[in-house]
Amino acid sequence: MIIIKSPPEIEAMRRAGAIVGQFFEEINKHVRSGVATLHLEEIAEEYVAKLGVRGAFKGYHGYPANLCTSINEEVVHGIPSGTRVLREGDIVSIDFGVVLDGFYGDAARTYAVGKISPESEKLLATTERALEKAIGASLPGNRLGDISWAVQMEAESEGFSVVRDFVGHGIGKTLHEEPQVPNFGSAGTGPKLMPGMVLAIEPMVNEGGYPVEVLSDGWTVVTRDRKRSAHFEHVVAITPDGNRILSLP
Ligand code: MF3
Ligand code: CO
């Protein structure tokens, strides 16, 4: 069952999402060569403490941090570490969520560390555009498959692939609710989108093939071919006249 949120509930989710969105504004300047991903985690830890919110990921199924920091061939769920140091030319996906007044916010974006290759530039731009197209398809009366198809189309038309094993999700009083929001699928299929549905749309786009595997730490997801992957995520509410992105500052 897909839980429909009332306008006041959507407003509460916007407050949670705005805190997540603001974090991405602030972490931006810390993403540079020589910085360990644990330093980014420390900034997230201070940020949630300062704002009096709870990090959404720490403790979730035993996940040990507030952030996921996934470098290059790492797709999602990279664990911040003092020994993983960002280097010029890397890309790093940062995923962050909070809980405020019982509602979840969740977002992700992939950053360039200094100057990156043209191919990596294209991967980041395509993944962000795939998310924009998916949000553009998030309209009442459309179907869930229209969102999935928009992402897949955008990624594959640039010669990239979309991850199959991890998907977006409904979000509300829990981090993951129905429905699953795959980044692949057919237009015109699946449940009809209705005002009050709130979806975390999160394209994960690979430079090479779509297969992924989980490393022995039990969390870090990497591409099987070890080519690079990018990840952008926003929380989007379906409204009577379109949609609203809830995870902007
Ligand atoms: N944005 C991811 C998600 O919604 C973050 C989950 S990381 C976890 O699934 F560690 F909390 F699992
Ligand atoms: Co998510």
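## Considering the overall build of the protein chain
Within the protein chain, the secondary structure is distributed over 4 helices and 15 strands. Rg of the C-alpha trace for the protein chain: 17 Å, near the compact-globule value of 18 Å for 249 residues, within the 12% margin. Of all 249 residues assigned to the protein chain, the portion counted as buried reaches 54%. For the protein chain, the proportion of contacts with a sequence separation of at least 24, taken over those separated by at least 6, is 71%.

## Focus on the nonpolar core
Counting 25 residues, the largest nonpolar core has Phe23, Phe24, Ile94 and Phe96 as its most contacted members. Of all elements in the fold, only α1 (7–27), α2 (37–51), β2 (67–71), β4 (91–100) and β5 (103–112) reach the threshold of two or more residues within this core. Sorting elements by how many residues they give to this core places α1 first, with 6 residues. Dropping the residues within four chain positions of it, Ile94 is found in contact with Phe23, Phe24, Ile27, Val31, Leu40, Leu67, Cys68, Thr69, Ala107, Ala108, Arg109 and Tyr111. Formed by 24 residues, the second largest nonpolar core is a distinct cluster that contains Ile116, Ala130, Leu144 and Met197.

## Quick notes on the pairing of β5
Burial of β5 is extensive: 8 of the 10 residues sit out of reach of the surface. Relative to β5, β4 runs antiparallel, the two being bridged by 10 bridges. Bridge pairing in β5 links Ser93 to Thr110. Counted along the chain from β4 to the antiparallel partner β5, the turn is 2 residues long, and its residue Asp101 has a positive phi close to 50°.

## Comments concerning helix α3 (residues 118–136)
Residues lying three or four places apart along an α-helix face the same way, a consequence of the helix completing one turn every 3.6 residues. The terminal C-alpha atoms of α3 lie 26 Å apart, and with 19 residues this matches the ideal 27 Å at 1.5 Å per residue to within 8%. When α3 is considered as a whole, its buried residues turn out to be Ser120, Leu123, Leu124, Thr126, Thr127, Ala130, Leu131, Ala134 and Ile135.

## Digging into the environment of Pro191
Along the chain, Pro191 falls in the loop between β8 (177–181) and β9 (198–201). For Pro191, a relative accessible area of 36% gives the class partly exposed. Sequence separation between Pro191 and Ile2 is 189 residues; the distance between their C-alpha atoms is 9.3 Å. Residues in contact with Pro191, not counting those within four places in the same chain, are Ile2, Asn142, Arg143 and Leu144.

## A short note on the packing of α3 against helix α4 (residues 144–157)
Packed helices, taken two at a time, are described by the angle between their axes plus the distance between the axes. Contact pair α3 / α4: the axes reach a minimum separation of 8 Å and the direction vectors enclose 155°. Classified by the angle between their axes, α3 and α4 sit roughly antiparallel to one another. In terms of crossing hand, the pair formed by α3 and α4 is right-handed. Counted together, Thr126, Arg129, Ala130, Lys133 and Ala134 of α3 and Ile147, Ala150, Val151, Glu154 and Ala155 of α4 form the full contact between these two elements. Of the residues assigned to the contact of α3 with α4, the class counts are 6 nonpolar, 1 polar and 3 charged.

## Things to note about the sheet that holds β8
Two modes of strand pairing occur in sheets, parallel and antiparallel, and in both the strands are linked by backbone hydrogen bonds. The 5 strands lie next to each other as β8-β7-β9-β14-β15, forming an open sheet whose pairing is antiparallel. The open sheet has two edge strands, β8 and β15 (242–245), and neither has a second partner. Neighbour-to-neighbour, the strand axes of the sheet open up by a mean angle of 25°, direction not taken into account. Where strand β7 (residues 168–170) meets β9, 2 bridges bridge the pair, whose relative direction is antiparallel. Along β9, the bridge assignment pairs Gly170 with Leu199.

## Examining α4
If you check α4, its first and last C-alpha atoms are 20 Å apart, about what 14 residues at 1.5 Å a residue would give, namely 20 Å. Counting buried positions along α4 yields 10 of 14 residues, so the element is predominantly enclosed. Buried within α4 are the following residues: Leu144, Gly145, Asp146, Ile147, Ser148, Ala150, Val151, Gln152, Glu154 and Ala155. The secondary structure elements touched by the buried residues of α4 are α3, β6 (161–162), β8, β9 and β10 (204–206). Positioned one or two residues after α4, Gly159 has a phi angle of 85°, which is positive.

## Some words on the coordination of the cobalt ion (ligand 2)
Within the protein, Asp106 (OD), His169 (NE2), Glu202 (OE) and Glu233 (OE) serve as the donor atoms for the cobalt ion (ligand 2), at 2.0 to 2.3 Å. Note that the cobalt ion (ligand 2) binds 6 donor atoms; their angles at the metal cover 63 to 169°, and the shape is irregular. Mapped onto the polypeptide sequence, the residues donating to the cobalt ion (ligand 2) form the spacing pattern D-x62-H-x32-E-x30-E. With a gap of 31 residues between them, Glu202 in the loop between β9 and β10 and Glu233 in the loop between β13 (229–231) and β14 (234–239) connect regions that are remote in the sequence. As far as the burial class goes, Glu202 and Glu233 line up, both buried.

Calculation rules
- Residues numbered from 1 in each chain as written.
- Chains lettered and ligands numbered in written order.
- Predicted model: local features only at pLDDT ≥ 70, side-chain atom pairs only at ≥ 80, totals over all residues.
- Heavy atoms only, no water.
- Helix = DSSP H or I, 4+ residues; strand = E, 2+ residues; numbered from the N terminus.
- Rg over C-alpha atoms; globule rule 2.2 N^0.38 Å.
- Buried < 20%, exposed > 50% of the residue type's maximum accessible area, 1.4 Å probe, protein only.
- Contact = heavy atoms within 4.5 Å.
- Core = buried A, V, L, I, M, F, W, Y, C linked by side-chain atoms within 4.5 Å.
- Pairing = 2+ DSSP bridges.
- Expected span 1.5 Å × (residues − 1).
- Axes fitted to C-alpha atoms, helices over the stretch in contact; angles between N-to-C directions.
- Parallel < 35°, antiparallel > 145°, perpendicular 65-115°, else oblique.
- Left-handed = near helix turned anticlockwise from the far one by under 90°.
- Nonpolar A, V, L, I, M, F, W, Y, C, P; charged D, E, K, R; others polar.
- Donors = N, O, S within 2.8 Å, 3.2 Å for Na, K, Ca; no water.
- Tetrahedral: all angles 85-135°; square planar, octahedral: opposite > 155°, others 65-115°.

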